[in-house]
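Letter by letter, the chains look like this.
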Amino acid sequence: MTDTPAIPARPRPFRPATTEPALVKWSLIGLCLAVLTVLLFAPLYAVFDEALRRGWAFALASLSEPDAQSAIRLTLLVAAITVPLNAAFGIAAAWAITKFDWRGKAWVITFIDLPFSISPVVAGLLFILMFGANSALGMWLVANGLPVVFAVPGIVLATMFITFPFVARELIPVMLEQGRAEEEAALTLGASGWRTFLTVTLPNIRWALLYGVLLCNARAMGEFGAVAVVSGKIRGQTTTMPLMIEMFYNEYLSVAAFTMAGVLALLALVTLTLKSALEWRYADQLAATHRH
Amino acid sequence: MAARTFSVRAPTPMPGWGLSFGIMLTMLSVVVLIPMAVLLWRGFVGFGAAGMWEVVNRPRVWNALELSFRAALIASLFNLVFGVLLAWVLVRYRFPGKRIVDAAVDLPFALPTAVAGIALTAIYAPNGMFGSALMQSFGLRVAYTEIGIWIALIFVGLPFVVRTVQPVIEEIDRETEEASATLGASRLRTLTHVILPMLAPAALTGFALALARSVGEYGSVIFIAGNLPNVTEIAPLLIVIRLEEFDYDGAVAIAIAMLVISFALLLAINLIQIWSRRRMGAA
């Protein structure tokens, strides 16, 4: 019993075969954080830094100017019209697509996604062509006191186009995954169509719906290119917050531009916070791509 | 009525077909289909292919189109590589502040483009935080050059690849990596020959989304670009300029040219994707 094999002096530190060496790992983390700092965090910091360059009072004063106030009101108005309409569209489209089998579904889904691959400027151009001064429809509408282009309806239409897919894209995969069994059970038990929707479907999709609405709202309030083309940029009338930022910036009113930008950046931060909270708490009720 | 709908739609007791399909089709038509049809009709029927070619086939328009697609490709390629790396770091590694970093990746989705535009310009301008440092140490101008456009487009397209690749990495079965290691592959070889091929289809989807987004991007670019004709003037800006001159035909021609090139690019990416999926399926 004396010839026990010699114990190896020091085993090499154990590293599982499914990870990288610590040095590689920490270099990659460092690299990612460095790139994100340069690209994401620094610009975000710069917005607030530039806005507060001459103090809080000065920054806040620029927001209470009539032009700034009217831009804020217009942006809220456009979002208040656009978001519910697109939410209604998203629910209707998701219902038609996931609860029924019909031909041409793939085409419709492709068309719903189309706005994501079209330049915002082209989106604006579409509505100029339809309702602008050079189209018969546009002339007729102006003659009847309902101008679309260079007026609020055009801004709403352009914003709707840009944010069109958000709610539908969020709801379709969720409702597809949930299937039809629960609705069928409710119907078999004698519930009406509306009651089935309100008491069975809606509770199942509420967090996904909120998620879609959140993203839709963020984009609707921040849209620049499409709105810039159709709005005509009439101060105090058709100038939204992002357009106001451009105007202030081009007039070298740096603090005013960055303060307005700061308000929208705060909105973006609130959106991100709510979005992350939804992803963490209700991951099982969102589309699979948001579960991490 | 019943006989007609039966051929389109399978029978089901589910209610609300007429209402939901009606709302969907009406809104889709009013917001997307009819406006798109008007654009195409105006271009191909009203103006004609020959007329459009004449507008597009001029140096200033070619330069703008080339710049838009070149810058979008460069930015999206950066985002392809960095996106896969960042997704890997976010899924596989633990480090302080990870949750905040993960949430912050979506900032470009949430931050309005005009805000991103003036903020990036502020830090990369010759007198800005990074701009002055780059100028003094490397003599490199970022804002008001094409590099500025790359930066803006990298910002705009950053989340796409990360968000498409992340769920795929989460689903990877560790046993595959263990098998590869057991068979004697180095870690690097496992990563390049086992992991990367699995991520390729999702990464390409993200790449295509980022590309489509950055080709048409306007708001974040115009502030940082300098907008010098033939040098830093992107195609969407040229459309805006044509519209301001009330040259609707010119604007339509450039818009259709952008759509055609984008469509061709996305089709090519789709084909590569089908090829890479087949390759994975066969392996």
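What you see is a predicted model, and the numbers here were worked out from it, not measured in a lab. (Residues numbered from 1 in each chain as written. Chains lettered and ligands numbered in written order. Predicted model: local features only at pLDDT ≥ 70, side-chain atom pairs only at ≥ 80, totals over all residues. Heavy atoms only, no water.)

*Asks:* Please clarify how the overall build of chain B should be interpreted in this entry.
*Replies:* Regarding its fold elements, chain B presents 14 helices and 0 strands. The order of α-helices and β-strands along chain B, N terminus first, is α-α-α-α-α-α-α-α-α-α-α-α-α-α. Expressed along its principal axes, the backbone C-alpha trace of chain B runs to roughly 75 × 65 × 35 Å. Expressed as a percentage of the 283 residues in chain B, the buried residues total 53%. (Helix = DSSP H or I, 4+ residues; strand = E, 2+ residues; numbered from the N terminus. Buried < 20%, exposed > 50% of the residue type's maximum accessible area, 1.4 Å probe, protein only.)

*Asks:* Before we go on, may I ask you to explain the overall build of chain A in this structure?
*Replies:* Counting secondary structure elements, chain A contains 13 helices and 0 strands. Ordered by position in the sequence, the α and β elements of chain A form the string α-α-α-α-α-α-α-α-α-α-α-α-α. Taken over the C-alpha trace, chain A has a radius of gyration of 26 Å; the compact-globule value for 292 residues is 19 Å, which it surpasses by more than 25%. Principal-axis analysis of the C-alpha atoms places the extent of chain A at approximately 110 × 65 × 30 Å. Across the 292 residues in chain A, those meeting the buried criterion constitute 51%. Partitioning the contacts of chain A with sequence separation of at least 6, the portion at a separation of at least 24 is 71%. Accessible area of chain A: about 13600 Å², with a carbon and sulfur share of 68%. Of the charged side chains in chain A, 20 are positive and 18 negative, and the gap between their average positions amounts to 2 Å. (Rg over C-alpha atoms; globule rule 2.2 N^0.38 Å. Contact = heavy atoms within 4.5 Å. Areas by Shrake-Rupley, 256 points an atom, 1.4 Å probe, with all protein chains shown as cover. Lys, Arg positive; Asp, Glu negative; His and termini not counted. Charge placed at Lys NZ, Arg CZ, Asp CG, Glu CD.)

*Asks:* Please clarify how the interface of chain A and chain B should be interpreted in this entry.
*Replies:* Taken together, the contact between chain A and chain B spans 89 residues of the former and 93 residues of the latter. When the two sides are added together, the surface that chain A and chain B hide from each other amounts to roughly 8000 Å², 80% of it contributed by carbon and sulfur. Across the contact surface, chain A and chain B share 2 salt bridges. Between Asp106 of chain B and Lys275 of chain A there is a salt bridge; the shortest N-O distance is 2.2 Å. Scanning the region where chain A abuts chain B turns up 9 residue pairs in polar contact (both at pLDDT 80 or more). Take the side of chain A that touches chain B: its biggest share by element is 20 residues, from helix H1 (residues 22-51) of chain A. (Buried area = accessible area lost by both parts, 1.4 Å probe. Salt bridge = Lys/Arg side-chain N within 4 Å of Asp/Glu carboxyl O. Polar contact = N/O pair within 3.5 Å; in protein donor to acceptor, adjacent residues only side chain to side chain.)

*Asks:* Just to check I follow, could you spell out the nonpolar core for this structure?
*Replies:* For soluble globular proteins, nonpolar side chains are generally found buried alongside one another. Counting 188 residues, the largest nonpolar core has Leu39 and Ile239 of chain B as its most contacted members. Among the elements that line this core, the one with the most residues is helix H4 (residues 59-92) of chain B, at 15 residues. When residues of this core are sorted by domain, at least three fall in each of domain 1 (24-53) and domain 2 (56-290) of chain A. Excluding its chain neighbours within four sequence positions, the residues that come into contact with Ile239 of chain B are Val121, Val122 and Leu125 of chain A together with Ala251, Ile254, Ala255 and Met258 of chain B. (Core = buried A, V, L, I, M, F, W, Y, C linked by side-chain atoms within 4.5 Å. Domains from an automatic or database assignment.)

*Asks:* When you look at the UniProt feature "domain: ABC transmembrane type-1" (unreviewed entry) in chain B in this model, what are you seeing that I'm missing?
*Replies:* Here the UniProt-annotated "domain: ABC transmembrane type-1" (unreviewed entry) positions come out as residues 65-269 of chain B. Each end of residues 65-269 of chain B is marked by a C-alpha atom, and these two atoms are 19 Å apart; helix forms 80% of the span and strand 0%. (UniProt positions renumbered as here; feature names shortened; annotations may be inferred.)

*Asks:* For this particular structure, what's the right way to read the packing of H4 of chain B against helix H13 (residues 235-244) of chain B?
*Replies:* The description of two helices packed together rests on the angle between their axes and the distance between the axes. All names here are of chain B. Viewed as axis vectors pointing N to C, H4 and H13 meet at an angle of 140°, and their least axial separation amounts to 8 Å. One way to sum up the angle between H4 and H13 is to call them oblique. Together, Arg60, Val61, Ala64, Leu65 and Ser68 of H4 and Ala235, Pro236, Leu238, Ile241 and Arg242 of H13 make up the contact between the two elements. When its residues are assigned to classes, the contact of H4 with H13 shows 7 nonpolar, 1 polar and 2 charged. (Axes fitted to C-alpha atoms, helices over the stretch in contact; angles between N-to-C directions. Parallel < 35°, antiparallel > 145°, perpendicular 65-115°, else oblique. Nonpolar A, V, L, I, M, F, W, Y, C, P; charged D, E, K, R; others polar.)

*Asks:* I would appreciate a short explanation of the pattern of salt bridges in the present structure.
*Replies:* Side chains that differ in charge, positive against negative, can pair when their charged atoms come close. Residues and elements named next belong to chain A. For the coordinates displayed, the defined rule picks out 24 salt bridges over all chains. Of the charged contacts in the structure, one is a salt bridge between Asp49 and Arg53, with a shortest N-O distance of 3.5 Å. Judged by its relative accessible area of 32%, Asp49 is partly exposed. Taking the relative accessible area as the measure of exposure, Arg53 reaches 53% and is therefore exposed.

*Asks:* Got a minute to help me understand the domain arrangement of chain A in this structure?
*Replies:* Interfaces are often sized by the amount of accessible area the parts lose when they come together. All names here are of chain A. As assigned here, chain A comprises domain 1 (24-53) and domain 2 (56-290). Relative placement of domain 1 and domain 2: their C-alpha centres are 29 Å apart. Here domain 1 and domain 2 share an interface that buries about 720 Å² over both sides, 82% of which is from carbon and sulfur atoms. The largest share of the area that domain 1 buries against domain 2 comes from Phe48, Ala51 and Leu52, three residues that together contribute 55% of it. The interface formed by domain 1 and domain 2 contains 0 salt bridges. At the boundary of domain 1 and domain 2, one finds 0 residue pairs in polar contact (both at pLDDT 80 or more).

*Asks:* Mind showing me how you'd approach the UniProt feature "transmembrane region" (unreviewed entry) in chain B here?
*Replies:* Residues and elements named next belong to chain B. Mapped onto the present numbering, the UniProt feature "transmembrane region" (unreviewed entry) falls at residues 21-47, 67-91, 103-127, 147-169, 190-212 and 251-272. A helix fraction of 100% and a strand fraction of 0% characterise residues 67-91, whose end C-alpha atoms lie 35 Å from each other. Helix makes up 72% of residues 103-127 and strand makes up 0%, while its end C-alpha atoms are separated by 30 Å.

*Asks:* Would you take a moment to explain the side chain of Thr159 of chain A for this structure?
*Replies:* Considering the arrangement of structural elements, one finds Thr159 of chain A in helix H7 (residues 152-163). For Thr159 of chain A, a relative accessible area of 1% puts it in the buried group.

*Asks:* Honestly, the environment of Asn227 of chain B in this entry has me stumped. Any pointers?
*Replies:* Residue and element names in this part refer to chain B. Its location among the elements puts Asn227 in the loop between helix H12 (219-225) and H13. Not counting chain neighbours up to four residues away, the residues in contact with Asn227 comprise Ile222, Thr232, Glu233 and Leu237. A polar atom in the side chain of Asn227 sits 3.0 Å from the backbone oxygen of Ile222.

*Asks:* Just checking my understanding: could you explain the confidence of the model for chain B for this structure?
*Replies:* Caution applies to low-pLDDT regions: their predicted coordinates should not be interpreted in detail. Residues and elements named next belong to chain B. When pLDDT is averaged along chain B, the result is 92, and 96% of the positions lie at 70 or above. Scored below 50 in pLDDT, residues 1-5 makes 0 contacts in the model with residues more than four places away or belonging to other chains. Across the assembled chains, the prediction reports ipTM 0.91 with pTM 0.92. (pLDDT = per-residue confidence, 0-100.)

*Asks:* Which parts of the structure should I look at to understand the UniProt feature "transmembrane region" (unreviewed entry) in chain A?
*Replies:* Residues and elements named next belong to chain A. In this numbering, the UniProt entry assigns the feature "transmembrane region" (unreviewed entry) to residues 26-48, 74-97, 117-141, 148-168, 208-231 and 252-274. With 76% helix and 0% strand, the stretch residues 148-168 has end C-alpha atoms that lie 26 Å from each other. Secondary structure content for residues 252-274 is 91% helix and 0% strand, while the C-alpha to C-alpha distance between its ends is 34 Å.

*Asks:* How should the packing of aromatic side chains be read in this particular structure?
*Replies:* Each aromatic ring pair is characterised by the separation of its centres together with the angle its planes make. For the coordinates displayed, the defined rule picks out 20 aromatic pairs over all chains. A ring pair is formed by Trp107 of chain A and Phe111 of chain A, whose centres lie 6.0 Å apart and whose planes are at 35°; its orientation type is tilted. Of the two residues, Trp107 of chain A and Phe111 of chain A both sit in helix H4 (residues 105-113), 4 residues apart, roughly one turn of that helix. Residue Phe111 of chain A is classed as partly exposed on the basis of its relative accessible area, which comes to 29%. These aromatic residues form a ring-pair network of at least three members: Phe224, Tyr249 and Phe258 of chain A together with Tyr218 and Phe223 of chain B. The aromatic ring of Phe58 of chain A is capped on one face by Arg54 of chain A, whose charged end is 4.2 Å from the ring centroid. Taking NZ or CZ as reference, Arg99 of chain B lies 4.1 Å from the ring centre of Trp280 of chain A, over its face. (Phe/Tyr/Trp six-rings, centres within 6.5 Å; stacked < 30°, edge-to-face > 60°. Lys NZ or Arg CZ within 6 Å of the ring centre and 35° of its normal.)

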